[in-house]
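In case you want the letters, here they are:
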Amino acid sequence: MYNGGVKLFFGVNSLEEAAAYLRKYSRVLIITGRTSAKLSGALDDIIRILESSGVEYEVWSKALPNPTDELVAELVEVYRSGVFEGFIAIGGGSVIDLAKAARVVVAGGGSVREYLYGAREIPRTQPFLFAVNLTHGTGTEIDRYAVVTITETKEKLGFSPGYPDVSVDDPKYTASLPRRQTIYTSLDAFAHAVESATSAKASPYTEMLAEEAVKHVIEYLPRALEKPKELEYRYWLLYASMIAGIGIDHGVTHYGHAIEHVLTGSRPELAHGAGLAILYRELIKFFYEYSPIIMSRLLKPLDPSLKPIREDSAKAVKAYIDFLDKIGFRETLSDYGFTVGEVRELKALYFKLVEKRYESLLPFKLQWEQVESMLKNLV
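(A) Local environment of the side chain of serine 14. With respect to the secondary-structure elements, serine 14 resides in helix α1 (residues 14–18). For serine 14, a relative accessible area of 0% corresponds to the buried category. Within polar-contact distance, the side chain of serine 14 engages the backbone oxygen of phenylalanine 9 at 3.4 Å. At a separation of 2.7 Å, a polar atom in the side chain of serine 14 contacts the main-chain carbonyl oxygen of glycine 11. In this structure serine 14 touches Phe9, Val168, Asp169 and Asp170, once residues within four positions along its chain are discounted.

(B) Looking closely at the sheet that holds strand β6 (residues 128–133). Strand order in the open sheet formed by 7 strands is β1-β2-β9-β6-β5-β3-β4, with mixed pairing between adjacent strands. Each edge of the open sheet is held by one strand with a lone partner, namely β1 (2–3) and β4 (56–60). Pairing geometry for strand β3 (residues 27–32) and strand β5 (residues 86–91), over 4 bridges, is parallel. What sits directly across from leucine 29, in β5, is phenylalanine 87. Of the strands in this sheet, β3, β4, β5 and β6 touch helix α3 (residues 42–52), which is tilted by about 175 degrees from β3. Sitting on the sheet, helix α9 (residues 231–251) is in contact with β1, β2 (6–10), β6 and β9 (166–169), with an inclination near 165 degrees to β2.

(C) Just the packing of aromatic side chains, in detail. This structure, assessed with the given rule, holds 20 aromatic pairs. When the centroid spacing of 6.4 Å and the interplanar angle of 40 degrees are considered together, the rings of phenylalanine 128 and phenylalanine 130 count as tilted. Accessibility expressed as a relative area gives 10% for phenylalanine 128, which makes it buried. A residue is classified by how much of its surface remains accessible, and phenylalanine 130, at 0% relative accessible area, is buried.

(D) The nonpolar core, seen in detail. Counting residues in hydrophobic clusters, the biggest one holds 114 residues, and the most contacted among them are Ile31, Tyr255, Tyr280 and Leu375. In terms of residue count, the dominant contributor to this core is helix α11 (residues 272–290) (11 residues). In contact with tyrosine 280, other than residues within four places in its own chain, are Phe190, Ala191, Val194, Glu195, Gly256, Phe287 and Tyr320. Ala42, Ile47, Val55 and Phe128 belong to the second largest nonpolar core, which has 24 residues in total.

(E) Structural view of unusual backbone geometry. The backbone phi angle of asparagine 66 is positive, close to 55 degrees, even though this residue is not glycine. Tracing the sequence through the fold places asparagine 66 in the loop between β4 and α4 (69–82). The phi torsion at lysine 154 lies on the positive side, around 65 degrees, for a residue other than glycine. Among the secondary structure elements, lysine 154 is positioned in the loop between β7 (146–150) and β8 (155–159).

(F) Broad picture of the environment of leucine 157. Relative to the helices and strands, leucine 157 resides in strand β8. Exposure remark for leucine 157: the relative accessible area of 0% places this residue in the buried category. The contact partners of leucine 157, leaving out residues within four places of it in the chain, are Leu116, Tyr117, Ala146, Val147, Val148, Ile150, Leu353 and Arg357.

(G) Spotlight on the packing of helix α10 (residues 255–266) against α11. Put simply, α10 and α11 touch, their axes get as near as 9 Å, and they point 135 degrees apart. By the angle between their directions, the pair α10 and α11 is classed as oblique. The element α10 and its partner α11 pack so that their crossing is right-handed. Packed against α10, whose contacting residues are Tyr255, Gly256, His257, Ile259, Glu260, His261 and Leu263, the element α11 presents His272, Gly275, Leu276, Leu279, Tyr280, Leu283 and Phe287 at the interface. Of the residues that constitute the contact of α10 with α11, the class distribution is 8 nonpolar, 5 polar and 1 charged.

(H) Up close: the packing of α11 against helix α16 (residues 368–378). Contact geometry for α11 and α16: axes closest at 9 Å, N-to-C directions at 135 degrees. The orientation of α11 with respect to α16, classified from their angle, is oblique. Between α11 and α16 lies a crossing of right-handed hand. Residue-level contacts link Ile278, Leu279, Arg281, Glu282, Leu283 and Phe286 of α11 to Gln370, Met374, Leu375, Asn377 and Leu378 of α16. Considering only residue class, the contact of α11 with α16 consists of 7 nonpolar, 2 polar and 2 charged.

(I) How the structure looks around the pattern of salt bridges. Going through the model one piece at a time under the given rule, you end up with 25 salt bridges. Taking the shortest distance from any N to any O, the salt bridge between glutamate 58 and arginine 27 comes out at 3.6 Å. On the criterion of sequence distance, the pair formed by glutamate 58 in strand β4 and arginine 27 in strand β3 is long-range, its members being 31 residues apart. The shortest N-O distance in the salt bridge between glutamate 219 and arginine 223 comes to 3.3 Å.

Conventions adopted
- Residues numbered from 1 in each chain as written.
- Predicted model: local features only at pLDDT ≥ 70, side-chain atom pairs only at ≥ 80, totals over all residues.
- Heavy atoms only, no water.
- Helix = DSSP H or I, 4+ residues; strand = E, 2+ residues; numbered from the N terminus.
- Buried < 20%, exposed > 50% of the residue type's maximum accessible area, 1.4 Å probe, protein only.
- Polar contact = N/O pair within 3.5 Å; in protein donor to acceptor, adjacent residues only side chain to side chain.
- Contact = heavy atoms within 4.5 Å.
- Pairing = 2+ DSSP bridges.
- Axes fitted to C-alpha atoms, helices over the stretch in contact; angles between N-to-C directions.
- Phe/Tyr/Trp six-rings, centres within 6.5 Å; stacked < 30°, edge-to-face > 60°.
- Core = buried A, V, L, I, M, F, W, Y, C linked by side-chain atoms within 4.5 Å.
- Parallel < 35°, antiparallel > 145°, perpendicular 65-115°, else oblique.
- Left-handed = near helix turned anticlockwise from the far one by under 90°.
- Nonpolar A, V, L, I, M, F, W, Y, C, P; charged D, E, K, R; others polar.
- Salt bridge = Lys/Arg side-chain N within 4 Å of Asp/Glu carboxyl O.

Written out as structure tokens, the structure is:
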């Protein structure tokens, strides 16, 4: 599979097909989280390939959810001091995004903040990046984007550091995902599909990808929760995530991700997919009213009776909430410590992150009063 600058190998045992791209290097840095790479089996498989090929490696297992500028700086220092020739990122969106951000700084100098704010250009030549994806959610293994939080200001900012050189999507590495992460990552893919089909950059191509992705998430997420080790179900969720990743690479995201970045910038412990799933209880209404034709097509698997008219927005919201109930997702913002009072304090961050950075991508205009009311309803 090709998209942009990445060559992606998809399917069971696809790592073996991609292994040839690792054997040309003499020393690489492996980036992982604390446990997921080991539990999935992917780390052991990578190490087996490297050792059999005589490639030296070091494992750096300090990646965290919602990577920060401080973590990027630490990883850059490790890379520079180790005289490595490239990165191998084994993990979900946070791990791969961290590697994307770090290699930009390695290649171009400065700090990641400068790239996040657009003060430095993204260098064209960067160290090799091999990504082994462990979730069916972010699509970062096949798109150009990454997200980093600036610790000092709580700004969670997206930018375009570029594609991995080679990526692997093997459903067997997602079978170890805990139940909650299975839900969170799948609903992240759902949100990617919806937003890429309804943004100001949407096209018939992103609409087509979105319909396919949503259909598979709705069909296979409940099945995967019942039988977590069944690779067929993981395969189709991973497929949905991958094509939704292509969707946002072409059609981008908008209000869902913009507002979610405000929330997780303030509360890093809020999982990205969980934040999106909560927000969509309210956002579905706005999306449907703005774009009833495409939204009715996307949400047909939830409710076949939906019509392409604004008046069916309430039915669409109910269908979505019923699906969340079916899969056992009942979290609210208050579960993560948000209060009604704190919602008011997000106004400045909202204008800084949403109004300015997402302005050209927003398909319609929400006033802060509407956003504030929505967030209070979700507490």
